[in-house]
Amino acid sequence: MIRRIRQIGDPILRQLAETIGPDEIGDSATQLLIDDMIETMRAANGAGLAAIQIGVPKRIAVMEVTRNPRYPYKPPISLTVAINPVITAIDDEVVEINEGCLSVPLRGFVNRHVNIEVRYTDRDGNDHTATKRGLTAGTWQHECDHLDGVLFVDRVADPRTLATWDEYDRHHREAFVERITRFVERVGS
Ligand code: NI
């Protein structure tokens, strides 16, 4: 079922999401929630969605990038369900990414780690550890921020870079896509 995506200003987006217990993962309520998150993310052309964005403050995020009209420069991410994800930066390299969010009607520039290690449990209860790079690492950091009640606007170093999607298209897209395409070619995901 497609669920309503909460928008900035809704206090739930500022909550600290709760850890999912190992016994909770197989519950029909949890599995149904995950199905709804995937359906809602896809319907909105999102690259990711956290449970808190549909009003459930639990530590679950879903991510998927195929050919995304919102973010055509993003490398693909196969459908990933991350339960209780934890991120560790591997080094100090950062990249400035122009981000959007299904809960915020603006885009803005945010610095993200380029190389991270992620640990998470999938919807079948299997634990994973993996290295993520570049824009994919950025997507992970954005989604994990949601679980701590953090929105990308909190991390925008210069609020003057905030733009509506129309004004991003008009004034920022060309230069950003050119720079980030070179970055993706260099770093991969
Ligand atoms: Ni978001």
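Read on for an overview of the structure.

Reading the values: the criteria
- Residues numbered from 1 in each chain as written.
- Predicted model: local features only at pLDDT ≥ 70, side-chain atom pairs only at ≥ 80, totals over all residues.
- Heavy atoms only, no water.
- Helix = DSSP H or I, 4+ residues; strand = E, 2+ residues; numbered from the N terminus.
- 1 Å grid on protein atoms, 1.4 Å probe; cavity = no way out; pocket = protein on both sides within 12 Å on 5 of 7 lines; lining within 4 Å.
- Points joined across faces, edges and corners; volume = space filled by probe spheres on them.
- Nonpolar A, V, L, I, M, F, W, Y, C, P; charged D, E, K, R; others polar.

## Some points on unusual backbone geometry
The phi angle at Asn 45 is positive, at roughly 55°, despite the residue not being glycine. Tracing the sequence through the fold places Asn 45 in the loop between helix 1 (28-43) and strand 1 (48-50). One non-glycine residue, Asn 84, lies in positive phi territory at about 50°. Tracing the backbone through its elements, the reader meets Asn 84 in strand 3 (residues 77-89).

## Quick word on empty space enclosed by the protein
Tallied over the entire structure, the rule returns one cavity of 30 Å³ or more. The calculated volume of the largest cavity comes to roughly 190 Å³. Contributing to the lining of the largest cavity are 20 residues, with Ala 47, Tyr 71, Lys 74, Gly 100 and His 142 lying nearest its centre. Listed by contribution, the elements that provide at least two residues to the lining of the largest cavity are strand 4 (94-101) and helix 2 (134-147). Here the lining of the largest cavity is composed, by residue class, of seven nonpolar, nine polar and four charged.

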